[in-house]
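Observations on the three-dimensional arrangement
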Amino acid sequence: MAVDKELLELDLYALLGVGEKAADKEIKKAYRQKALTCHPDKHPDNPKAAELFHQLSQALALLTDAAARAAYDKVRKAKKQAAERTQKLDDRRKKVKLDLEAREREAQSQVNKEEEIHITKTLEQEIRRLREEGSRQLEEQQRLIKEQIRLEKGQQVHGKQDRYGEESKGTPKLKLRWKCSKEDETKGGYSKEVLLQILQKYGEVLNLLISSKKTGSAVVEFATVKAAEMAVKNEVGLINNPLKITWLEGQPQGSTLYADGSIQPRISQDSVVSERDYESLVMMRMRQAAERQKLIEQMKQEDEEESYT
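Residues numbered from 1 in each chain as written. Predicted model: local features only at pLDDT ≥ 70, side-chain atom pairs only at ≥ 80, totals over all residues. Heavy atoms only, no water.

Details of the packing of helix α4 (residues 47–63) against helix α6 (residues 91–133)
In contact at an axis separation of 10 Å, α4 and α6 are set at 105 degrees when each is read in the N-to-C sense. One way to sum up the angle between α4 and α6 is to call them roughly perpendicular. When α4 is examined against α6, the residues His54, Gln58, Ala61 and Leu62 are found in contact with a partner set consisting of Leu123, Ile127, Leu130 and Arg131. Taken together, the residues of the contact of α4 with α6 sort by class into five nonpolar, two polar and one charged. (Axes fitted to C-alpha atoms, helices over the stretch in contact; angles between N-to-C directions. Helix = DSSP H or I, 4+ residues; strand = E, 2+ residues; numbered from the N terminus. Parallel < 35°, antiparallel > 145°, perpendicular 65-115°, else oblique. Contact = heavy atoms within 4.5 Å. Nonpolar A, V, L, I, M, F, W, Y, C, P; charged D, E, K, R; others polar.)

Description of the sheet that holds strand β6 (residues 244–249)
Read from one edge to the other, the open sheet built from four strands follows the order β2-β3-β1-β6, with strand pairing classed as antiparallel. Strand pairing shows two members of the sheet lacking a second neighbour, β2 (205–210) and β6, which therefore form its edges. Across this sheet, the average inter-strand angle for adjacent strands is 25 degrees, counted without regard to direction. With five bridges connecting them, β2 and strand β3 (residues 217–222) associate as antiparallel partners. Looking across to β3, one finds that leucine 209 is bridged to valine 219. Helix-sheet contacts for helix α9 (residues 225–234) involve β1 (173–177), β3 and β6, and the interaxial angle to β6 is about 150 degrees. (Pairing = 2+ DSSP bridges.)

As for helix α8 (residues 192–199)
Of all the positions in α8, only Leu195, Ile198 and Leu199 are classed as buried. An end-on view of α8 places all buried positions within 85 degrees of arc, on one side of the element. Exposed residues on α8 whose side chains face more than 90 degrees from its buried face are Glu193 and Gln197. (Buried < 20%, exposed > 50% of the residue type's maximum accessible area, 1.4 Å probe, protein only. Arc of directions from axis to C-beta.)

Points about the pairing of β1
Burial runs high along β1: four of the five residues are buried. In this sheet, β3 lies alongside β1 in antiparallel orientation, the contact comprising five bridges. Looking at the pairing, arginine 177 lines up with serine 217 of β3. Bridge analysis of β1 against β6 gives five bridges, and the strand direction is antiparallel. Directly across from lysine 175, in β6, lies its bridge partner threonine 246.

Brief notes about unusual backbone geometry
Positioned with a positive phi, lysine 187 is a non-glycine residue whose angle comes to about 55 degrees. On the basis of relative accessible area, lysine 187 is assigned to the partly exposed category, the value being 43%.

A word on the side chain of arginine 76
Here arginine 76 lies in helix α5 (residues 66–88). Residues within four places of arginine 76 in sequence aside, it is in contact with Asp11, Tyr13 and Glu20.

Side note on the packing of aromatic side chains
Summed over all chains, the structure comprises two aromatic pairs. Between tyrosine 13 and tyrosine 72 the ring centres are 6.1 Å apart and the planes differ by 45 degrees, which places this aromatic pair in the tilted class. Placement of the pair is tyrosine 13 in helix α2 (residues 12–16) and tyrosine 72 in helix α5, with a sequence separation of 59 residues. An identical accessibility class is assigned to tyrosine 13 and tyrosine 72; each is buried. For the ring pair tryptophan 178 and tyrosine 190, a centre distance of 5.0 Å and an interplane angle of 50 degrees mean the geometry is tilted. Residue tryptophan 178 is found in the loop between β1 and α8, and its partner tyrosine 190 is found in the loop between β1 and α8; the two are separated by twelve residues along the sequence. Here tryptophan 178 and tyrosine 190 have matching classes, each one buried. (Phe/Tyr/Trp six-rings, centres within 6.5 Å; stacked < 30°, edge-to-face > 60°.)

Some words on the packing of helix α3 (residues 24–38) against α4
Taken N-terminus to C-terminus, the directions of α3 and α4 make an angle of 170 degrees; their axes are 10 Å apart at the nearest point. Considering their axes alone, α3 and α4 lie roughly antiparallel with respect to each other. Residues Asp24, Ile27, Lys28, Tyr31, Lys34, Ala35 and Cys38 of α3 pack against Ala49, Ala50, Leu52, Phe53, Leu56, Ser57, Leu60 and Leu63 of α4. For the contact of α3 with α4, a count of residues per class yields eleven nonpolar, one polar and three charged.

What follows is the structure in structure tokens.
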């Protein structure tokens, strides 16, 4: 298997952000933190992210193997020492150095070349060995990264409620459903922007996730229980495609289970009076009810006219 020549030119410790004496545990931790930011699953259309992720993976495999790391450290140390010597020379001494090197180069070139080839081949052999054998440590770290990404994306499992991170635990979450076919590019009239516009009038929306697997389904996370209660109680959605809103998490005690399976809060008269937007919401619902009734009568009239014809 061919060895990446570019890998030999990289400072793998700087790439991972660790010191040259870092222990394996510290190197693995740094790898996970760096790899999460450029994982191909998070950046599928970014080739630079994939290249950086590949380099990080190679750095982890090399630096957590004692023999490969020793060979790499030897090459790195030699290059670092040469760079330091050159840096310390001023212009006058650089000229002297170049003159001396020109005279010595012919005598020493063969010896230096053989030594460099030997060191480089040793490192290449260690890298090739790691690739041929496969690194169980690398596979385990990548598995942990994929698991963390899966949790962050909040994927659903067998129709159960979406998983959220610990930072959102305890916040109220509602499930939204509406009629929508898989072929409908408009998603039944409910894009993310439309849903946010509908829901944000009740309070701050922390998260809104539209299911990519089940059409006509989404989960919204409000910042407060009060906002979620108002949305469950008052929101009906678009007239031609109503929303069905049910509790997913964080419903308050004393909620009522209705015949359609939805759970709605039992709100006292005092709490209703204290709702700042209650009157505007009532007027909104009355207008929506009137528009729905008008639409139903219009549909009935059209059906009657068609039956006469």
